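# Observations on the model geometry
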Amino acid sequence: MKQPSAKPIQPGFIFTRRLMLSAGSLTDEAPQQALSTLPGMVGVRLGADKVQLRYDASQLHISQVIDCLGALNIQYRDGLLARIRLHWYHYVDSNAAANANRKETHCCNKPPKGY
């Protein structure tokens, strides 16, 4: 259930992420309920060994999702490709959050004063 003071979802910052999990990590529906309560989460789809997430990156960061999964003792795969993907998600989420919270416009989109 969403809180009334929650920030609205910004459609331009909704990202889909796929995390590959260790075999046998998902045994019940508790992870879906826990992830769905995170602020900014739009959708959660669980598979046998993966979880697919849709969330607003201006409100939620991949590290918060990893922390939530870790609290439930769910381990994600720790191979080279999984680590590269996770670092990429972290980088893109940080940039999206910085862009979403920016108040000023770009200077290159403004004509010079006096014209």
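Numbers given for residues are sequential positions, taken from 1 along each chain in its written order. For this predicted model, a pLDDT threshold of at least 70 governs which residues receive local features, and a threshold of 80 or more governs which side-chain atom pairs are given and counted, while totals over whole chains, interfaces and linings are taken from all residues. No hydrogens and no water enter the side-chain calculation; it runs on all heavy atoms of the structure.

## Comments concerning helix α2 (residues 62-71)
Taken residue by residue, α2 has I62, V65, I66, C68 and L69 as its buried positions. Considered in projection along α2, the buried side chains sweep an arc of 160° and stay on one side of the axis. Summarising the geometry of α2, the exposed residues directed more than 90 degrees from the buried face are D67 and A71. Contacts from the buried residues of α2 go to β1 (14-20), α1 (30-36), β2 (41-46), β3 (50-56) and α3 (80-100). Helical segments are the DSSP runs of H or I of at least four residues, strand segments are the runs of E of at least two, and each set is numbered from the N terminus. Of the residues trailing α2, N73 is marked for its positive phi of about 60°. Only protein chains enter the calculation, and the probe is 1.4 Å; a residue is then buried if its accessible area is under 20% of its type maximum, exposed if over 50%, and partly exposed in between. What the arc covers is the set of directions going from the helix axis to the C-beta atoms. Whether two residues are in contact is decided by their heavy atoms, any of which lying within 4.5 Å being enough.

## Points about α3
Expected helix span is computed as 1.5 Å times (number of residues minus one). With 21 residues, α3 should cover 30 Å at 1.5 Å per step; its first-to-last C-alpha distance of 30 Å lies within 8% of that length. Each element contacted by the buried residues of α3 is listed here: β1, β3 and α2.

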